[in-house]
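# Coordinate analysis (summary)
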Amino acid sequence: MSNHIRRRPPLAALVTLTAVATVLAGCGTVDNSKGGGGGTSGGGQVTLWTHNAGNPQELGVVNQIVSDFNASQTKFKVVVQAFPQASYNDAVVAAATAKKLPCLLDIDAPNVPNWAYAGYLAPLDLPQDLVSKNLPSTLGNYQGKLYSIGYYDAALGLFAHKSALEAAGARVATIDKPYTADEFNTLLSKIKSAAKYQTAFDLGTGDTGTEWWTYGYSPFLQSFGGDLIDRSTYQTAKGVINGDKALAWASWFQGLVKQGYTPAKSSPDAFADFVNGKSAMVWSGIWNSSNLDKVKDGVVMPPPDFGTGAKIGGGSWQWGVSSGCNKQDGALEYLKFSLNTKYLSQFAQKQSVIPATEDAAAITPGWQSGGPKRFFLDLSKKDALIRPPTPGYPFLTTTFAKAAQDIIAGGEPKKILDQAASDIDENLKSNDNYGF
Amino acid sequence: MSIQTAATAAEPTIQAKAGATTTRAHRHEARSGILMVAPAVVLLLVFFFIPVVLCFLLAFTNARLISPTPAHLTGLDNFTRLFRDPVFWASLRNTFYFAVVVVPLQSGFALLLALLINVRMRGTNFFRTMYFIPVVTSIVVVSILWRFMYQPHGLINSILQTASFNVVQGTDWLNNTASAMPAIMFMSIWQAVGFHMVIWLSGLQTIPEERYEAAELDGANTWEKFRYVTWPGLRATRTFILVTITIAALSLFAQINVMTDGGPLNSTTTMVYQAVRTGYRQQETAYASAISLIFFALVLAVSLVQRYLTRDKD
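Predicted model only: the values in this text are computed from it and were never measured. (Residues numbered from 1 in each chain as written. Chains lettered and ligands numbered in written order. Predicted model: local features only at pLDDT ≥ 70, side-chain atom pairs only at ≥ 80, totals over all residues.)

## Some words on the overall build of chain B
When you go through chain B residue by residue, the secondary structure sums to 14 helices and 0 strands. Tracing chain B from N to C terminus, the helices and strands come up as α-α-α-α-α-α-α-α-α-α-α-α-α-α. What you see for chain B is a C-alpha radius of gyration of 25 Å, clearly larger than the 20 Å of a compact globule of 314 residues, by over 25%. Counting only C-alpha atoms and orienting by the principal axes, one finds that chain B spans roughly 70 × 65 × 35 Å. Long-range pairs, those at least 24 residues apart, make up 68% of the contacts in chain B between residues at least 6 apart in sequence. (Helix = DSSP H or I, 4+ residues; strand = E, 2+ residues; numbered from the N terminus. Rg over C-alpha atoms; globule rule 2.2 N^0.38 Å. Contact = placed C-beta atoms within 7 Å.)

## Focus: unusual backbone geometry
The residue A:N433 is not glycine, and still its phi comes out positive at about 55°. Mapped onto the secondary structure, A:N433 falls in the segment after α17 (413-430). Residue class for A:N433 comes out partly exposed when judged on the 17 C-beta atoms lying within 10 Å of it. Positive phi values are uncommon outside glycine, yet B:Q283 reaches one of about 65°. As for its position among the elements, B:Q283 is in the loop between α13 (271-281) and α14 (285-309). Its 24 C-beta neighbours within 10 Å are what place B:Q283 among the buried residues. (Buried ≥ 20, exposed ≤ 12 C-beta atoms within 10 Å, placed from the backbone.)

## Concerning helix α3 (residues 85-97) of chain A
Residues and elements named next belong to chain A. Between its terminal C-alpha atoms α3 stretches 19 Å, which fits the 18 Å expected from 13 residues at 1.5 Å a residue. Those residues of α3 lying buried are Y88, V92, V93 and A96. Considered in projection along α3, the buried side chains sweep an arc of 120° and stay on one side of the axis. Across from the buried face of α3, at angles greater than 90 degrees, the exposed residues are A86, S87, D90 and A94. Of the surrounding elements, those touching the buried residues of α3 are β1 (44-53), β2 (76-84) and β3 (104-108). Of the residues flanking the end of α3, it is K99, one or two places downstream, whose phi is positive at about 55°. (Expected span 1.5 Å × (residues − 1). Arc of directions from axis to C-beta.)

## Some thoughts on the nonpolar core
Ranked by size, the top nonpolar core spans 119 residues in total, and within it A:L104, A:A155, A:I241, A:I354 and A:I424 carry the most contacts. When residues of this core are sorted by domain, at least three fall in each of domain 1 (44-154 + 315-371) and domain 2 (156-313 + 392-435) of chain A. With 47 residues, the next largest nonpolar core counts B:Y131, B:Y150, B:F195 and B:A275 among its residues. (Core = buried A, V, L, I, M, F, W, Y, C linked by C-beta atoms within 7 Å. Domains from an automatic or database assignment.)

## Details of the pairing of strand β6 (residues 145-149) of chain A
Residues and elements named next belong to chain A. Examined bridge by bridge, strand β5 (residues 139-142) and β6 share 4 bridges and lie antiparallel to one another. By the bridge assignment for β6, Y142 is matched with K145. In this structure, the hairpin formed by β5 and β6 is closed by a connection of 2 residues, where Q143 is found at a positive phi of approximately 50°. (Pairing = 2+ DSSP bridges.)

## Comments concerning the packing of helix α4 (residues 86-117) of chain B against helix α8 (residues 180-204) of chain B
Between two packed helices, what matters for the description is the angle formed by their axes and the separation of those axes. Residues and elements named next belong to chain B. Running from N to C, α4 and α8 cross one another at 45°; their axes reach a closest spacing of 6 Å. By the angle between their axes, α4 is oblique relative to α8. In this structure, α4 crosses over α8, and the sense of that crossing is right-handed. Of the residues in the contact of α4 with α8, the class split is 20 nonpolar, 5 polar and no charged. (Axes fitted to C-alpha atoms, helices over the stretch in contact; angles between N-to-C directions. Parallel < 35°, antiparallel > 145°, perpendicular 65-115°, else oblique. Left-handed = near helix turned anticlockwise from the far one by under 90°. Nonpolar A, V, L, I, M, F, W, Y, C, P; charged D, E, K, R; others polar.)

## Things to note about the interface of chain A and chain B
Contact with chain A, which involves 17 residues of that partner, is made by 13 residues of chain B. Among the secondary structure elements, those contributing two or more residues to the side of chain A that touches chain B are α4 (112-117) and α16 (393-408) of chain A. Of all the elements, α16(A) adds the most residues to the side of chain A that touches chain B, at 5 residues. Its residues placed into classes, the side of chain A that touches chain B shows 7 nonpolar, 8 polar and 2 charged.

What follows is the structure in structure tokens.
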């Protein structure tokens, strides 16, 4: 027993030391992340969360804006915390559940109604003349109020080898005159029979991220005349996702695989295959427009018009203010400051994105009217259709993505789409139509 | 062998010591014991038992992940919806399919490897390490690599073509409804067999040498030695391996999530994958809790049946 007494003091000291160290470490991290909640009104720290850790260009512009804002006034100090994109949404939902959201945060456009409905976001009280300059697809409106505003937008495009088009005797489609459905199908069969390329038209099905499937492929459905949900009432998807027009889309979509124009599962980087000459055309977006320069005869075109006009997706990352923020005036000040033309131009210069305002496009090289990059801005203005702005969007997107995957895998389109419609309607009913 | 004889020899000494301790020493020991166990018990309670109980309660409500209105009780609505859902039945079927094939194949193959490794030769350590390396590799990394290997022009098809002189062409493994699940089974067995091989190995090495010598003397051949000495001696190991492989097989998730997202036409969706998809991506927490509750009941039933079948019959 005397051994124990001699050994006890060092052990007790070690345990106490560990406990104290743990408590201090815990307090330390809590301080850093809890910036938005504490402090009195009339100034202080404003936390900002963003999804672009790992994207040094975009994060660099955000940091620049923040340091400029902090230097321009002494009342508020914005502190940036960057997250990797893959875990960002989960981090925000977890923080919202714990009521520890930051003051400023960016949100992927289709999630804005969902988070506004849940009470995470506060309506933005920005001057109308500032807001009206933005492309409509960069604004997050829900129930008549503005909840988010973006600095840029993205767009989809049909990239092609010009030599393949010429060999098939087809014209290059323009924004004013996209391909018709027949024209496009003829083009595909001619490219396939020429047998110069392994794949006539790579849809990019190797990307298993759910949002790509909805963002990339629902515009085709919308061009045929269908949609994910009835946008006049937002209370049902019957007849819209499983009506005749939707079935026409499904059989065209499935036909691409059945007739061998596109692989059922492309490689994870379909654009790399296009650059390497494996495919004649690829369905991708503006984020690959810089890679297009690697292709000698690469052109980018709008998608075909399947009946109701060519359609592409719209809405990228947008910025909002959380409802629990007690420095709303500081957050709004920052937003107003950041919507400066020179910053919007910076975003478009450092990344392949569409600048949100005409003024920004005018001062960004290549984006002026007639410039080489102008195509995406004009395309977005004419053909962009944002994903349905409803709080039920997470359910819509997972259901549509699964339906599209099942259709590509060769399932029976009518059964798949009917099941999707009934699943969506059931979800809407159990959520009281999300307030619509 | 020496372990058993040493254990029997220690018993009288321990009993002698037990009578010599006082009540105060008992209480002191008990208190120290409780203090030492307390952190683990608290962690288990807070991070395991309480969430599990909450999950079971949520299954009877209409809770959402994100919602302005609070959840309220809805009784058995989630369960009736579950039983009407064709994807749920497909998940159930696939989960059982995977377990029924993987459990015997993986444990049998692991036993075979353990028997091969259990010889006193140079180089067995090398092979043991080689077989064990896939186990310590993250299953997500393994899934990504094998996804590339299973592509139509990937490594697996190239090997098949070269080895069979272009007779066997191979197929688009992960995109055919018939071959997607077997492909995932093959990869899962490859990844986990090393772990169970090591467990079998430890079981093999506890079988006393004398029994093998006795069998030699009785004139037994290799198969008879296996059947009458090795197999009975592995009973405890067998039970443990059976239960752990079954539970691991029933909770198949990571491979599906990375490789096939539920697979071509629901051919690889499993219960855990469905629970994660509906609960997290579709934000229907209560529905996912219902799936989890049914999964729990299933695993419990299977484990109890296995325990009953492998119980001590004396």
